[in-house]
Amino acid sequence: MGYSERKSRKKGRSEDAPPLVSVFKSSLMGFVAALASALVLWIAASAIAYANDDPDSVVGALGLGVIYISALIGGFVSVRQNKKDALLCGIVSGAMLALCFFVISLFFADGSSSYSFLIELILRGAMLLMSVFGAFAGLNRGNKRRRRR
């Protein structure tokens, strides 16, 4: 096997795997990136909240902001790993993140929510939409250079 053949093989790349396996691997990578970014953003949000005179007034908005930004980052990272299938990568990565946050909320909440069931569904759907938006934002657009006249 020559140098050029070895160079073109791309061992371990998710592009060589079957489509669903490739989407799952890249979505898992996006999910891990989303969790890591959520952890960092939650620490920053808690510092902002505690610096405020009334932390309870900003906790809800900061929490939703952290969730949506982390979903955006997760979708972006997942499609950068896969390089195609942005819609599917965004949906899978966002669904994994939503499921994880749901399971975490079961352990740390007393069961009562300040939102109604319909609002909770809308907020979870918005998290999926942010993940899909991040996936489409992460797609390569190609080198479209404008001609100089």
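Residues numbered from 1 in each chain as written. Predicted model: local features only at pLDDT ≥ 70, side-chain atom pairs only at ≥ 80, totals over all residues. Heavy atoms only, no water.

Looking at the overall build of the protein chain
Along the backbone of the protein chain there are 5 helices and 0 strands. Reading the helices (α) and strands (β) of the protein chain from amino to carboxyl end gives α-α-α-α-α. When each of the 149 residues of the protein chain is scored for burial, the buried share is 27%. Of the contacts formed within the protein chain by residues at least 6 apart in sequence, a portion of 82% connects residues at least 24 apart. For the protein chain, the exposed area adds up to about 10600 Å²; of that, 65% sits on carbon and sulfur atoms. (Helix = DSSP H or I, 4+ residues; strand = E, 2+ residues; numbered from the N terminus. Buried < 20%, exposed > 50% of the residue type's maximum accessible area, 1.4 Å probe, protein only. Contact = heavy atoms within 4.5 Å. Areas by Shrake-Rupley, 256 points an atom, 1.4 Å probe, with all protein chains shown as cover.)

Considerations on the pattern of salt bridges
Considering all chains together, one arrives at 1 salt bridge under this definition. Between Glu120 and Arg124 there is a salt bridge; the shortest N-O distance is 3.4 Å. Here Glu120 pairs with Arg124, and both are found in helix H5 (residues 117-137), just 4 residues apart, close to one helical turn. (Salt bridge = Lys/Arg side-chain N within 4 Å of Asp/Glu carboxyl O.)

Regarding the packing of helix H3 (residues 56-82) against H5
Following both chains from N to C, one finds H3 and H5 inclined at 35°, their axes separated by 6 Å at the closest point. Remark: the crossing between H3 and H5 carries right-handed chirality. Contacts between H3 and H5 pair Leu64, Ile67, Tyr68, Ala71, Leu72, Gly75, Phe76 and Val79 from the former with Leu123, Ala126, Met127, Met130, Ser131, Phe133, Gly134, Ala135 and Ala137 from the latter. Class assignment for the residues of the contact of H3 with H5 results in 14 nonpolar, 3 polar and no charged. (Axes fitted to C-alpha atoms, helices over the stretch in contact; angles between N-to-C directions. Left-handed = near helix turned anticlockwise from the far one by under 90°. Nonpolar A, V, L, I, M, F, W, Y, C, P; charged D, E, K, R; others polar.)

What about a nonpolar patch on the surface?
Side chains of Leu99, Phe102, Val103, Ile104, Leu106, Phe107 and Phe108 sit close together on the surface and give an oily, nonpolar patch of about 780 Å² of accessible area. Structurally, Ile104 can be placed in helix H4 (residues 86-108). (Patch = residues over 30% accessible without salt bridge, like charges linked within 9 Å, V, L, I, M, F, W, Y side chains within 5 Å.)

A closer look at the confidence of the model for the protein chain
Scored by pLDDT, the protein chain comes out at a mean of 82, with 79% of its residues at no less than 70. The least confident element of the protein chain, judged by mean pLDDT, is helix H1 (residues 3-9) at 49; the most confident is helix H2 (residues 19-51) at 91. A low-confidence stretch, residues 4-8 stays under pLDDT 50, and its non-local contacts, those more than four residues away or across chains, total 1 contact. (pLDDT = per-residue confidence, 0-100.)

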